[in-house]
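What follows is each chain in one-letter form.
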Amino acid sequence: MATTSWRKIVYPCWRPATEGDGFGNSIADTNGRSEGLLWYKDYGHHVYGDFSMAVIQANNIVEDHSQLESGSMSSVDFGPQGTFVGVYDGHGGPEAARFINNHLFDHIKTIRGAEFTSDNDGMSADVITKAFLATEEEFLSLVRQQWSIQPQIAAVGSCCLVGIICDGLLYIANAGDSRAVLGRLDKAFKEVKAVQLSAEHNASYESVREELHSLHPEDSQIVVLKHKVWRVKGIIQVSRSLGDAYLKRSEFNREPLLPKFRVREPFHKPILKAEPSIVVQKLYPEDQFLIFASDGLWEHLSNQEAVDIVNNCRRNGIARKLIKAALIDAAKKREMRYSDLKKVDRGVRRHFHDDITVIVLFLDSNLISRSSCNGPMLSIRGGGGISMGVNNLV
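Within every chain, residues take consecutive numbers counted from 1 along the sequence as written. Restriction of local features to residues with pLDDT of at least 70 applies here, the model being predicted, together with a cutoff of 80 or more for giving and counting side-chain atom pairs; totals for whole chains, interfaces and linings are based on all residues. Side-chain descriptors were evaluated using all non-hydrogen atoms of the structure, hydrogens and water having been removed beforehand.

Draft legend 1. Examining the environment of Val 224 more closely. To qualify as a helix, a DSSP run of H or I must reach at least 4 residues; to qualify as a strand, a run of E must reach at least 2; elements of each kind are numbered from the N terminus. Structurally, Val 224 can be placed in strand β10 (residues 223-226). Spatially, the C-alpha atoms of Val 224 and Ala 203 are 9.0 Å apart, while their sequence positions differ by 21 residues. Once you skip the residues sitting within four places of it in the chain, Val 224 turns out to touch Val 229, Trp 230, Arg 231 and Gly 234. Any two residues whose heavy atoms approach within 4.5 Å at even a single point are treated as in contact.

Draft legend 2. Focus on the pairing of β10. Alignment of β10 against strand β11 (residues 229-232), held across four bridges, turns out to be antiparallel. Note on β11: the bridge partner recorded for Val 223 is Val 232. Between the end of β10 and the start of β11, which pair antiparallel, lie two residues, with His 227 showing a positive phi angle near 55°. Pairing between strands requires that DSSP locate at least two bridges from one strand to the other.

Draft legend 3. Expanded view of the packing of aromatic side chains. Aromatic rings from Phe, Tyr and Trp, taking only the six-membered ring of Trp, are treated as a pair when their centres fall within 6.5 Å; an angle between ring planes under 30 degrees marks them as stacked, one over 60 as edge-to-face, and anything in between as tilted. This model, assessed by the stated rule, comprises five aromatic pairs. The interplanar angle of 65° and the centroid separation of 6.0 Å between the aromatic rings of Phe 289 and Phe 362 together place this pair among those described as edge-to-face. Separated by 73 residues along the polypeptide, Phe 289 in strand β14 (residues 287-293) and Phe 362 in strand β15 (residues 356-362) bring together distant segments of the chain. Per residue, the accessibility class of Phe 289 equals that of Phe 362, and both read buried. As a reminder, the over-ring test applies to NZ of lysine and CZ of arginine, requiring each to be within 6 Å of the ring centre and within 35 degrees of the ring normal. Sitting over the face of the ring of Tyr 40, Arg 320 holds its NZ or CZ atom 4.0 Å from the ring centroid. Positioned above the aromatic ring of Phe 352, the side-chain terminus of Arg 334 is 4.6 Å from the ring centre. Only protein chains enter the area calculation, which uses a 1.4 Å probe; residues under 20% of their type maximum are buried, those over 50% are exposed, and those in between are partly exposed.

Here it is in structure tokens:
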């Protein structure tokens, strides 16, 4: 059950939505809708159940991109179907996140198709890792091509969180600090409990700092506490990402890149990694839903708070409901009213919260247990279509 502090958020879920309630109305747009700083697809169907998506912009140019692909997971025609979710939290600009949005899933399908045999469905942690690294290499090649005319693209990168459901298995791959959380029914206590599935690569975690020191034993300054925040080389918080060429290849660690991005000491191996941490597990009937979100959500909601909201609210518009809960908390932390935060325009809004992407996948165990499933063919991109006006909905 929801805690007392969250009753104000959860309670309205049991009431019929009233006209003009931006977080309750049913939206029937096939490809989602943009209103001000918000993009959303309130409700839809994927191969294994229902879903809801939403993105709220805070930066001048939205840096979050995301996608949901449901249908064939392979380049070959006879491969089994599945659902793919990607959340790409860009930093330094939108270019890397946008590039991943356009290329990563194609690599998953191509690599998987090449390894597909009658004895092996082709989906594996190895396939996903290869797809991450192929996307990384393509983006670094693009950086090299544009370096002379657009050197700052070397400082653009993105966290990358991927979820794949295929043949009854769930694959979670993460590079960066976005997060995937499972809502699992605990039958003994009749509660839906939060289970974090993704490993996060942020220098604020001691385990990440230890990993960095073990990978770079010769560098005493590999991670630095700067203004009370742990940062890799005193620059960036995440230890894994796609892009960020200036911390991967020494050829970009020089002028005309801005001095604030340049590392003083020469380096001979990548400072950041692009390889994801991957978890593979079977899905069970107790597994109710998955929440994929960029770190902007988790700065304001705990795993269990997010799971409580999803569990106690109706499915239609639930991704927007989670974003609203995060924004209420963001306003509270700045001692302002939520209604006033909604009036703050992009750019300035970044002082209150980050871009936030949320994708909620509901899991139908009957569909997941089938050996083959002819579910809906679906491809939705979130974030890139957000209009640049003042938001009047979130």
